[in-house]
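# Coordinate inspection notes
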Amino acid sequence: DQQVKQNSPSLSVQEGRISILNCDYTNSMFDYFLWYKKYPAEGPTFLISISSIKDKNEDGRFTVFLNKSAKHLSLHIVPSQPGDSAVYFCAANDMRFGAGTRLTVKP
Amino acid sequence: GAVVSQHPSWVICKSGTSVKIECRSLDFQATTMFWYRQFPKQSLMLMATSNEGSKATYEQGVEKDKFLINHASLTLSTLTVTSAHPEDSSFYICSATIGTGHNQPQHFGDGTRLSIL
């Protein structure tokens, strides 16, 4: 039972534009969400998180939005850079990950 | 800080052999470590939660006797794939959280690519 879902397997954006990565969850008991970035043949690295008591958390070019009523969160990257090209996973505090979205930022 | 080292990074072995993968927290104590498996172009699948000094908690569908986990110290957890077969070939990744805080980001090792011939 996939409780954290990323329905877009891939996303391609132009350098300088905004990247929006989406994640949906089903378990309303989740109270903490995290985004990770992963390069091939490496382990994921933590990017940004958000507690369910907030609806927005910002860290530099990265902002995560949480819509609890819709059980939806999104990661915004602006401006996008070629180095942001990677697979992005969202996760909830039960240590389970979404399927990932491969972001490609074109120069 | 918060470095997790995983060894080996790549291993090839014959079918029927057992393979041990080590996961170490280098600069912090990890009461809890996690083991994941990733198939090509798929997500990280949580296999088990490893607790120092106690038995690991396995996810549904993961064979305990196949994937032996030992967490003998606060800085080391090991995953042993016993009697490995080609279908066990995968990318295995461990992670750890600092302390026992509920909402803590995981720090991942760089993974082990296991190929069973």
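This text gives an overview of the structure that appears in the document. Here the structure is a predicted model, which is why all the values come from computation and not from measurement. (Residues numbered from 1 in each chain as written. Chains lettered and ligands numbered in written order. Predicted model: local features only at pLDDT ≥ 70, side-chain atom pairs only at ≥ 80, totals over all residues. Heavy atoms only, no water.)

Glancing now at the nonpolar core. In this structure, Trp35(B), Tyr58(B), Phe67(B), Ile69(B), Leu79(B), Tyr92(B) and Leu114(B) are the most contacted members of the largest nonpolar core, which totals 26 residues. Those elements that provide at least two residues to this core are β2 (10-13), β3 (19-25), β4 (32-38), β5 (44-51), β7 (67-73), β8 (76-81), β9 (90-96) and β11 (112-116) of chain B. Among residues more than four places away in sequence, those in contact with Ile69(B) are Trp35(B), Ala48(B), Ser50(B), Ala56(B), Tyr58(B), Ser77(B), Thr78(B) and Leu79(B). In terms of nonpolar packing, the next biggest core, distinct from the first, is built from 23 residues, Val4(A), Phe30(A), Cys90(A) and Leu103(A) among them. (Core = buried A, V, L, I, M, F, W, Y, C linked by side-chain atoms within 4.5 Å. Buried < 20%, exposed > 50% of the residue type's maximum accessible area, 1.4 Å probe, protein only. Helix = DSSP H or I, 4+ residues; strand = E, 2+ residues; numbered from the N terminus. Contact = heavy atoms within 4.5 Å.)

Quick look at a nonpolar patch on the surface now. Residues and elements named next belong to chain A. A cluster of nonpolar side chains, Ile18, Ile20 and Val78, forms an exposed patch at the surface whose accessible area comes to about 220 Å². Within the secondary structure, Ile18 is located in the loop between β2 (10-14) and β3 (19-25). Classification of Ile18 as partly exposed rests on a relative accessible area of 39%. (Patch = residues over 30% accessible without salt bridge, like charges linked within 9 Å, V, L, I, M, F, W, Y side chains within 5 Å. Areas by Shrake-Rupley, 256 points an atom, 1.4 Å probe, with all protein chains shown as cover. Salt bridge = Lys/Arg side-chain N within 4 Å of Asp/Glu carboxyl O.)

What follows covers the layout of surface pockets. It is a probe the size of a water molecule, rolled over the atoms, that shows where empty space is left. Roughly 460 Å³ of volume is contained in the largest pocket. Together, 24 residues line the largest pocket, and Arg102(A), Gln38(B), Pro40(B), Lys41(B) and Gln42(B) are the ones closest to its centre. Mapped onto the lining of the largest pocket, the elements with two or more residues apiece are β9 (86-92) and β10 (101-106) of chain A together with β9 of chain B. Taken together, the residues of the lining of the largest pocket break down into ten nonpolar, ten polar and four charged. (1 Å grid on protein atoms, 1.4 Å probe; cavity = no way out; pocket = protein on both sides within 12 Å on 5 of 7 lines; lining within 4 Å. Points joined across faces, edges and corners; volume = space filled by probe spheres on them. Nonpolar A, V, L, I, M, F, W, Y, C, P; charged D, E, K, R; others polar.)

Turning to the interface of chain B and chain A, a few remarks are in order. With 19 residues of chain B at the contact, the number on the chain A side is 18 residues. When chain B packs against chain A, close to 1,500 Å² is buried across both sides, 59% of that on carbon and sulfur atoms. Here chain B and chain A share one salt bridge between them. Of the charged contacts in the structure, one is a salt bridge between Glu59(B) and Arg96(A), with a shortest N-O distance of 2.2 Å. Linking chain B with chain A are six residue pairs in polar contact (both at pLDDT 80 or more). Secondary-structure elements contributing two or more residues to the side of chain B that touches chain A are β4, β5 and β9 of chain B. Looking at the side of chain B that touches chain A, the element that brings in the most residues is β4(B), giving three residues. (Buried area = accessible area lost by both parts, 1.4 Å probe. Polar contact = N/O pair within 3.5 Å; in protein donor to acceptor, adjacent residues only side chain to side chain.)

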